[in-house]
Amino acid sequence: MIPYKKFDGTFTFSGKVALITGAANGIGLAAAEAFAARGIHLVLLDRQEGVRNVAADLASRFDIETMASVCDITNNAEADAAVEQARERFGRIDILCNIAGVVELEDAENLPEAYWDNTMAINAKATFMMAQRVGRIMIAQGGGKIVNMASQAGLVAIDKHVAYMASKAAVIGITKVLAIEWAEYGINVNVESPTVVLTELGAKAWAGEVGENMKKKIPAGRFCYPDEIAAAILFLASDAANMVTGENLFVDGGFTIQ
């Protein structure tokens, strides 16, 4: 059962531990900074060596404990080792943010099989496997919060996004099953679906005319910033969301309401 805890209105997390994949930049970095500012200890995973600098910087600025692991989450041995090291270091994992992902775009008739396999391996399979690893820890400790990352493209068709859409639709489905199976253990599992996010890669991919045309389809008239995604993650990971589970929270400026 997911327990009731009165929301105090402050979004305090009192020394909890969060594991974030894809934490070296973009949405993962924004989530790490949002959590660090609220005293959450961090386990940061990424394939990029820069994740070590992120961990050191946040530990220094916010007086929290951090652990960084340069890790390919599609490699079971590496991912297993990273999660076990986190468990040994902190004794628990209260929050999991599955943010690591990849976008490989091509027309459906020309999509290479390698694009499909890589997209599904990182976005869908690795999201589930990480949730399974950390979920076992949360079951044993009596609760936790899992936030997965999907996309508006998991619901609405977008040109050249066939592999990406399939992977993000899978993440939405995975989230719903985990939520219904793990509610009895006090675990909330939710998914967030952003519109285009102005990470470094997102800004380049949607620059120019293609971006201006896309903005016209978004009622809010603009793209999203990483800190806006992090704010929604913070809500889903907080006690304010204790009765929210199995939900897909769109942060898309209204794109999917049309």
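Structural data are supplied above this passage.
None of these values were measured; they are calculated from a predicted model.

A. Region of interest: the overall build of the protein chain. In terms of helices and strands, the protein chain carries eight helices and seven strands. A globule of 258 residues ought to have a C-alpha radius of gyration of about 18 Å, and the protein chain, at 18 Å, matches this closely. The principal-axis extent of the C-alpha atoms belonging to the protein chain is close to 50 × 40 × 35 Å. Counting all 258 residues of the protein chain, 50% fall into the buried class.

B. Region of interest: the packing of aromatic side chains. Throughout the structure, instances matching the rule amount to three aromatic pairs. Ring plane angle 65 degrees and centroid distance 6.2 Å describe the contact between Trp206 and Phe223, whose orientation is recorded as edge-to-face. On the criterion of sequence distance, the pair formed by Trp206 in the loop between α6 (200-205) and α7 (208-215) and Phe223 in the loop between α7 and α8 (226-237) is long-range, its members being 17 residues apart. For the pair formed by Trp206 and Phe223, the shared burial category is buried. We note Lys215 situated over the ring of Phe223; from NZ or CZ to the ring centre the distance is 5.3 Å.

C. Helix α4 (residues 113-141), seen in detail. If you check α4, its first and last C-alpha atoms are 40 Å apart, about what 29 residues at 1.5 Å a residue would give, namely 42 Å. The largest bend in α4 is about 40 degrees, located at Ala121. After α4 finishes, the residue Gly142 shows a positive phi value of roughly 95 degrees.

D. Quick peek at the sheet that holds strand β1 (residues 17-21). Spatially, the seven strands line up as an open sheet ordered β3-β2-β1-β4-β5-β6-β7, and their pairing is parallel. Whereas interior strands pair on both sides, the edge strands pair on one side only; in this sheet they are β3 (66-70) and β7 (248-251). Pairs of neighbouring strands in the sheet enclose a mean axial angle of 15 degrees, with direction left out of account. Of the pairings in the sheet, the one linking strand β2 (residues 41-46) to β3 comprises five bridges and is parallel in character. By the bridge assignment for β3, Val43 is matched with Met67. Of the strands in this sheet, β1, β2, β4 (95-98), β5 (144-149) and β6 (187-194) touch α4, which is tilted by about 180 degrees from β4.

E. Highlighting the pairing of β1. By the criterion of burial, β1 is predominantly enclosed, with five of the five residues buried. Where β1 lies against β2, five bridges are found, and the strand directions are parallel. In the strand pairing of β2, Val17 is matched with His41. Pairing between β1 and β4: three bridges, direction parallel. Of the residues in β4, the one forming a bridge with Leu19 is Leu96.

F. Fine view of the packing of α4 against helix α5 (residues 162-182). Where α4 contacts α5, the axes come no closer than 8 Å and their chain directions differ by 15 degrees. Overall, the two elements α4 and α5 adopt an arrangement that is roughly parallel. Along this stretch, α4 crosses α5, giving a crossing that reads as right-handed. Of the residues in α5, those touching α4 at Trp116, Thr119, Met120, Asn123, Ala124, Thr127, Phe128, Ala131, Gln132, Gly135 and Ile139 are Val162, Ala163, Tyr164, Ala166, Ser167, Lys168, Ala170, Val171, Ile174, Leu178 and Trp182. Residue classes in the contact of α4 with α5 are distributed as 15 nonpolar, six polar and one charged.

Conventions adopted
In this convention, every chain numbers its residues from 1, walking through the sequence in written order. At least 70 in pLDDT is required for a residue's local features to be given in this predicted model, at least 80 for side-chain atom pairs to be given and counted, and no such filter applies to totals for whole chains, interfaces and linings, which use all residues. Heavy atoms from the whole structure form the basis of all side-chain values; hydrogens and water molecules are not counted. What counts as a helix is a DSSP run of H or I of at least four residues, what counts as a strand is a run of E of at least two, and both are numbered from the N terminus. For the radius of gyration, the atoms used are the C-alpha atoms, and the globule rule reads 2.2 Å times the number of residues raised to 0.38. Burial status follows relative accessibility: with a 1.4 Å probe on protein chains alone, a residue under 20% of its type maximum counts as buried, one over 50% as exposed, and anything between as partly exposed. Any pair of Phe, Tyr and Trp rings, taking the six-membered ring for Trp, is counted once the centres come within 6.5 Å. Such a pair is stacked with planes under 30 degrees apart, edge-to-face with planes over 60 apart, and tilted for the rest. Either the NZ atom of lysine or the CZ atom of arginine qualifies as a charge over a ring when it sits within 6 Å of the ring centre and within 35 degrees of the ring normal. Expected span of a helix, by definition, is 1.5 Å for each gap between consecutive residues, and there is one gap fewer than residues. Note that the bend at a residue is defined as the angle between axes fitted to the seven residues ending at it and the seven residues starting at it. By the convention used here, strands pair only if DSSP detects at least 2 bridges between them. Angular values range over 0 to 180 degrees, each being the angle between N-to-C directions of two axes fitted as lines to C-alpha atoms, with helices fitted over their stretch in contact. Residues are treated as being in contact if the distance between any of their heavy atoms lies within 4.5 Å. Note on terminology: angles under 35 degrees are roughly parallel, angles over 145 are roughly antiparallel, angles of 65 to 115 are roughly perpendicular, and the others are oblique. What makes a crossing left-handed is the near helix being turned counterclockwise from the far one by less than a right angle; a clockwise turn instead makes it right-handed. Three classes are used: nonpolar for Ala, Val, Leu, Ile, Met, Phe, Trp, Tyr, Cys and Pro, charged for Asp, Glu, Lys and Arg, and polar for all others, with Gly counted as polar.

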